[in-house]
Amino acid sequence: MTLLKHLKNEKSAHAETSAMQYLTSSLDPTTIIPGHLIHTIIRPALLLILLLFSSFSALAYDCCIDGIYYNLNTTDKTASITKGSYNGNVVIPEAITFEGMTYSVTSIGDNAFSSCSGLTSVTIPNSVTYIGDYAFRDCSGLTSATIPNSVTTIGSATFMGCSGLTSLVIPNSVTSIGTWAFSNCSGLTSMTISNSVTTIDDATFYYCSGLTSVIIPNSVTAIGERAFSGCSGLTSVSIPSSVTNIGEYAFYGCSGLTSVTIPNSVASICKYAFSNCSGLTSVTIPQSITSIGDDIFYGCSGLTSMVVDKNNGTFDSRDNCNAIIETSTNKLVVGCKSTIIPNSVTFIGNAAFSGCSGLTSVIIPNSVTAIGERAFNRCSGLTSVTIPNSVSSIGDEAFYNCIWLTSVFIPNSVTTIGKSVFSYCGRLTSMTIPNSITSVNNATFQGCIGLTSVTIPNSVTAIGAHAFDGCYGLTSVTIPNSVTSISEYAFYGCSGLTSVTIPSSISTIGASAFSSCSGLTSVTIPNSVTTIGGLAFEGCSGLISVTFNAEKCTETGSHDYPIFRYCKNLTKLIIGDKVTTIPS
C-alpha cells in the first residue's frame with residue numbers, strides 16, 4: 001500500500017513512464033495478442049513493473065525537501081543526504097519532516113555532492129556525525145565549508161579536487177580522516193588538524209600545491225604514504241614527538257620545504273619519504289631511528305648537511321662525513337653532494353646517492369668492496385669516477401643515467417657488473433671491461449650514444465640482451481673467441497657500426513641482435529652458429545655481402561621473422577659448402 005501511495009508523487013510519475021517504455025520495448029512488434037487477453041496480461045504486468053520501478057526509484061532517494069535529497073531510516077528516525085544536483089549556497093537543516101515524521105539529519109552520504117561544480121558553500125549542522133566517501137569530490141566551485149564539532153568521521157576522498165577551497169578547520173570531534181580526503185585541493189593554503197586524529201592517512205593532502213603550513217597535533221602517531229606528496233608550497237613542517245612512523249613518499253615533491261625536524265619518537269622513515277624535496281638543505285637523524293628506506297632523500301639536490309645523533313645505536317655520521325652510515329655493517333645508507341666517504345665504509349648501499357644531481361665527483365676509498373644497486377643512479381652532475389681495486393661487485397643500475405659521466409675506470413678486482421649499470425650514460429666515450437668479468441650483462445651500456453669504442457676481454461662468455469642497444473656512436477667492436485652467445489637486441493640500433501667479427505666460438509645469435517645496424521656492410525656467420533633468432537639483421541640497410549658458413553644451424557628465423565628482413569641492399573650471399581639450411 002505504501003508503494004501505491006507513492007505513485008502520486010513525482011518519482012512515481014517517472015517510474016510509471018519508465019515502466020511503460022520498458023513494457024513497450026519488451027514486446028515483440030510481430031506478436032499478435034488476442035483482444036480478450038490484452039487486459040489480462042497487460043494490467044497485472046504493468047502493476048508489477050510499476051511496483052518494481054517504484055522500489056528502484058526509492059533506492060535513489062526517499063524524499064526531496066527544499067532542493068535537498070534524503071534517504072530515510074524509519075527505525076531510528078534519521079536522514080542521510082544523498083546524490084543530487086546542487087548549486088550555490090546549501091544550508092543543511094538539523095532535522096526534516098516528511099509525511100508527518102521528523103528525522104534528524106545525521107550524515108552526508110557517499111557521493112552526495114560529488115561533481116557539483118556550481119556548489120559555492122555548504123553549512124553543515126551540528127546534528128551531522130558522518131561525512132561519507134567522495135561526498136564533495138570535484139566541487140571545484142566550493143570556496144568554504146564549516147565542519148561542526150559533531151562530526152566524528154570524514155570519509156575517503158571527501159573533498160578531493162575541491163580546488164576552490166582555501167582553508168578548513170577540522171574540529172576536535174573528528175577522530176578519523178579517510179585516504180585522499182583533501183587530495184588535489186590546490187587552493188587550500190592552511191589546515192588545522194584536530195588533536196583527536198591519530199593518523200594522517202595515505203594521500204590525505206596529496207598535491208595540495210597551495211598548502212603553505214599545516215599543524216600536526218600531538219595525537220598523531222603515523223604519517224601515511226603520500227600524505228603530503230606534491231605539496232610544493234609547504235615551506236616548513238613540524239612533526240610532533242608522538243609520531244613513530246613516516247610512510248613512503250610522505251613528503252615527496254615538497255620542493256618548497258627548506259627544513260624539517262624529525263622528533264626523537266620516530267623509529268622508521270620509509271622509502272622516498274622526502275624524495276624530490278629540492279629545497280631541503282639539512283637534516284638531522286634522531287636517536288630513535290632504527291630503519292631507513294631506500295631513496296628517502298632522492299632528488300634532494302640542495303641537501304648539504306646530514307647529521308646523525310651521536311646516541312643513535314643503529315646509524316652514525318662518523319668523521320663529519322655528511323652521510324648516514326649503518327654502524328654494524330659499515331654500509332653507507334644515504335649520502336649527499338657534500339659527502340666524504342670515510343675509509344671505514346665497506347659497502348655503498350642501494351640508492352645511497354640516487355638522484356643526487358649536485359654530486360660532481362666522488363672518491364671511493366679502498367675499504368669499499370661493493371657498490372649497491374642504483375647507488376649513483378641519475379647523478380646527472382657526476383663527470384668521472386674511479387673505482388678502487390678493492391671493489392668486487394657493482395650492482396644493477398649503479399650509474400644509470402649519469403648523463404655527464406665521461407670516463408670510468410673499472411679494476412680487475414670487479415667480477416660482477418649488474419644489469420643496466422651504465423645505461424644512458426650518453427657522454428661516456430670509451431670503456432675497458434676488465435678481464436675478471438665473464439658476462440656483459442643485460443643493458444649494461446644501453447643508450448650510451450657517445451660510446452665509440454669498447455674492449456671486451458677474453459674472459460667474457462656471453463653478451464646479454466640489449467647490452468649495447470642504441471650505442472649508435474660505436475664504430476667497431478671486437479668480440480673475443482671466448483663468447484658463445486650474443487643475446488637478443490645486443491647491438492640493436494648501433495647504426496655507426498661498420499664492421500663486426502663474429503668469432504667461431506659463437507653458437508647463438510639472438511633475435512634482433514644486430515637489427516638496425518644500418519652502417520654494417522658485410523658479415524660472416526661462422527660454422528659454430530647453431531641458432532639465429534628472428535630479425536637478427538633486420539633493417540641493416542647498408543649490408544651488401546653475407547657469408548653464411550653455419551652448417552650446423554637448425555634455426556634461422558622464420559617466414560614471418562626472416563633474419564635479413566629489410567636488408568634492401570643485400571646483393572651477395574655466399575653459402576658454405578656444407579650448409580644444409582639456407583637462412584630465411
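To be clear, the structure that these remarks concern was listed above.
Read from one edge of the open sheet, three strands run β28-β30-β32, paired in parallel fashion. The open sheet terminates on both sides in strands that have one partner only, identified here as β28 (361-363) and β32 (407-409). In this sheet, adjacent strand axes meet at a mean angle of 5 degrees when their direction is disregarded. One ladder, built from three bridges, connects strand β30 (residues 384-386) with β32; its direction is parallel. Paired with threonine 386 across the two strands is phenylalanine 409, which belongs to β32.

Before going further, it helps to spend a moment on the state of the cysteines. Counted by the stated rule, this structure contains zero disulfides. Cysteine 567 provides the cysteine sulfur closest to cysteine 540, a residue in no disulfide bond, and the two sulfurs are 5.0 Å apart. We classify cysteine 540 as buried; its relative accessible area is 0%. Residue classification places cysteine 567 among the buried residues on the basis of a relative accessible area of 9%.

With that out of the way, let us pick up the packing of aromatic side chains. Taken as a whole and judged by the stated rule, the model has 27 aromatic pairs. Judged by centre distance (5.1 Å) and plane angle (5 degrees), the rings of phenylalanine 353 and phenylalanine 376 are stacked. Of this pair, phenylalanine 353 sits in the loop between β27 (347-348) and β28 while phenylalanine 376 is found in the loop between β29 (370-371) and β30, placing the two residues 23 residues apart along the sequence. Residue classification places phenylalanine 376 among the buried positions, given a relative accessible area of 0%. Ring centres of tyrosine 489 and tyrosine 492 lie 5.4 Å apart, and the angle between their planes is 55 degrees; this geometry places the pair in the tilted category. With a relative accessible area of 31%, tyrosine 492 lands in the partly exposed category. Clustering of aromatic rings is evident, with ring pairs tying together Tyr61, Tyr69, Tyr86, Phe113, Phe136, Phe159, Phe182, Phe205, Phe228, Phe251, Phe274 and Phe297. Above the face of the tyrosine 249 ring, arginine 226 is positioned so that its terminal group lies 4.1 Å from the ring centre.

Calculation rules
- Residues numbered from 1 in each chain as written.
- Predicted model: local features only at pLDDT ≥ 70, side-chain atom pairs only at ≥ 80, totals over all residues.
- Heavy atoms only, no water.
- Pairing = 2+ DSSP bridges.
- Helix = DSSP H or I, 4+ residues; strand = E, 2+ residues; numbered from the N terminus.
- Axes fitted to C-alpha atoms, helices over the stretch in contact; angles between N-to-C directions.
- Disulfide = S-S within 2.5 Å.
- Buried < 20%, exposed > 50% of the residue type's maximum accessible area, 1.4 Å probe, protein only.
- Phe/Tyr/Trp six-rings, centres within 6.5 Å; stacked < 30°, edge-to-face > 60°.
- Lys NZ or Arg CZ within 6 Å of the ring centre and 35° of its normal.

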